[in-house]
Amino acid sequence: MEALERERHFRQDDDRAGRRPRRGKDRDDRRDLSESAPHRDQHGREKGGRGRLVGRTKGGMNTKLHAICDSQGRPLDLFVTAGQVSDYIGARALLSSLPKVDWLLGDRGYDADWFREALQDKGIRACIPGRKQRKTPVKYDKRRYKRRNRIEIMFGRLKDWRRVATRYDRCPKVFLSAIALAATVIYWL
């Protein structure tokens, strides 16, 4: 027993009742006792990555899903951002993948002059109501805009999948894959 104590495999009791023995960095201990993992930055993401894409919103920590749907409400393209990120970021990301259509229906979050001009350059008419802070009101087809409920129904059906609704996945790629799998099963199989 004395030989083992000299080799530092066992520690002697230091007579501190009720306290755990202090952990120091032993020569034989191969665990990393540093504050964080060596290959990740302070926000828990890999270097150059986008992090977990979870951001603070009115309802708490959340993720925002942007989607392009066809006229029947089936998702064609999906994009995930953090909850506090503006809808303009999602619009900019999905703009290049828009299919050849006549109309685009969107909510007030997508109301921006640059977005309307980009849609007009592609030959797409926008059916997006103006923001309440807009100085000059924007005209839109209210009857056509009522069909946007198909998109909201699509989001509701995706959230029927518990994995999507509660966001079990920390990695945004895995989360987006779960959404794509749910959309494929619900709408395309």
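Residues numbered from 1 in each chain as written. Predicted model: local features only at pLDDT ≥ 70, side-chain atom pairs only at ≥ 80, totals over all residues. Heavy atoms only, no water.

**What about the nonpolar core?**
Among soluble globular proteins, nonpolar side chains are generally buried collectively.
For step 1, the next point in the chain: Formed by 15 residues in total, the largest nonpolar core has its most connected members in Val-80, Ile-151, Met-154, Leu-158 and Ile-179.
For step 2, the next point in the chain: Those elements that place two or more of their residues in this core are β3 (75–82), α5 (149–158) and α7 (172–188).
For step 3, the next point in the chain: Ranked by the residues each element gives to this core, the list is headed by α7, at 6 residues.
For step 4, the next point in the chain: Setting aside anything within four residues of it in sequence, one finds Ile-179 in contact with Leu-65, Leu-78, Val-80, Leu-158 and Val-164. (Core = buried A, V, L, I, M, F, W, Y, C linked by side-chain atoms within 4.5 Å. Buried < 20%, exposed > 50% of the residue type's maximum accessible area, 1.4 Å probe, protein only. Helix = DSSP H or I, 4+ residues; strand = E, 2+ residues; numbered from the N terminus. Contact = heavy atoms within 4.5 Å.)

**Digging into the pattern of salt bridges**
For step 1, the next point in the chain: Scanning all chains against the criterion turns up 9 salt bridges.
For step 2, the next point in the chain: Its salt-bridge partner being Asp-70, residue Arg-74 comes within 2.8 Å of it at the nearest N-O pair.
For step 3, the next point in the chain: Across the salt bridge formed by Asp-111 and Arg-134, the nearest N and O atoms sit 2.9 Å from each other. A residue pair is termed long-range when its members are at least 10 positions apart, and Asp-111 in the loop between β4 (103–105) and α3 (113–121) and Arg-134 in the loop between β5 (125–127) and α4 (142–145) qualify at 23 residues. Residue Asp-111 shares its accessibility class with Arg-134, and that shared class is buried.
For step 4, the next point in the chain: Among the charged side chains, a salt-bridge network with shared partners connects Asp-111, Asp-113, Arg-116, Arg-131 and Arg-134. (Salt bridge = Lys/Arg side-chain N within 4 Å of Asp/Glu carboxyl O.)

**What to know about helix α2 (residues 87–95)**
For step 1, the next point in the chain: Those residues of α2 that sit buried are Asp-87, Gly-90, Ala-91, Leu-94 and Leu-95. In a view along the axis of α2, the buried residues occupy a sector of 135 degrees, so they form one face of it.
For step 2, the next point in the chain: Buried residues belonging to α2 abut β2 (60–69), β3 and α3.
For step 3, the next point in the chain: Structurally, the start of α2 carries an N-cap: the backbone nitrogen of Tyr-88 is 3.2 Å from a side-chain oxygen of Ser-86. (Arc of directions from axis to C-beta. Polar contact = N/O pair within 3.5 Å; in protein donor to acceptor, adjacent residues only side chain to side chain.)

**Notes on the packing of α5 against α7**
For step 1, the next point in the chain: Packing of α5 against α7 leaves a shortest axis separation of 10 Å and a crossing angle of 110 degrees. When the axis of α5 is compared with that of α7, the two are roughly perpendicular. The handedness of the crossing between α5 and α7 comes out as right-handed. Residues Ile-153, Met-154, Arg-157 and Leu-158 of α5 form the contact with α7, whose own contacting residues are Ile-179, Ala-182, Ala-183, Ile-186 and Tyr-187.
For step 2, the next point in the chain: By residue class, the composition of the contact of α5 with α7 is 8 nonpolar, no polar and 1 charged. (Axes fitted to C-alpha atoms, helices over the stretch in contact; angles between N-to-C directions. Parallel < 35°, antiparallel > 145°, perpendicular 65-115°, else oblique. Left-handed = near helix turned anticlockwise from the far one by under 90°. Nonpolar A, V, L, I, M, F, W, Y, C, P; charged D, E, K, R; others polar.)

**Examining the environment of Ser-97**
For step 1, the next point in the chain: Locating Ser-97 in the fold gives a position in the loop between α2 and β4.
For step 2, the next point in the chain: The sequence separation of Ser-97 and Leu-76 amounts to 21 residues, and the corresponding C-alpha distance is 9.4 Å.
For step 3, the next point in the chain: Residues in contact with Ser-97, not counting those within four places in the same chain, are Ile-68 and Asp-77.
For step 4, the next point in the chain: In this structure the side chain of Ser-97 is engaged in a polar contact, spanning 2.5 Å, whose partner is the side chain of Asp-77.

**What to know about unusual backbone geometry**
For step 1, the next point in the chain: If you check the backbone angles, Arg-167 has positive phi at about 50 degrees while not being a glycine.
For step 2, the next point in the chain: With respect to the secondary-structure elements, Arg-167 resides in the loop between α6 (162–166) and α7.
For step 3, the next point in the chain: Residue Arg-167 is classed as buried on the basis of its relative accessible area of 15%.

**Focus: the packing of aromatic side chains**
Any two aromatic rings considered together are summarised by their centre-to-centre distance and by the angle between their planes.
For step 1, the next point in the chain: Evaluated as defined, the whole model comprises 4 aromatic pairs.
For step 2, the next point in the chain: Between Trp-114 and Phe-115, the aromatic rings sit 5.7 Å apart at their centres with planes inclined by 70 degrees, giving edge-to-face as the arrangement.
For step 3, the next point in the chain: Look at Tyr-140 and Tyr-145: their rings are 5.6 Å apart centre to centre, the planes differ by 75 degrees, and that puts the pair in the edge-to-face class.
For step 4, the next point in the chain: Site record: aromatic cluster; members linked through ring pairs are Tyr-88, Tyr-110, Trp-114 and Phe-115.
For step 5, the next point in the chain: The ring of Trp-114 has Arg-92 sitting right over it, with the charged end atom 4.4 Å from the ring centre.
For step 6, the next point in the chain: Positioned over the ring face of Tyr-187 is Arg-157, at 5.0 Å from the centre of the ring. (Phe/Tyr/Trp six-rings, centres within 6.5 Å; stacked < 30°, edge-to-face > 60°. Lys NZ or Arg CZ within 6 Å of the ring centre and 35° of its normal.)

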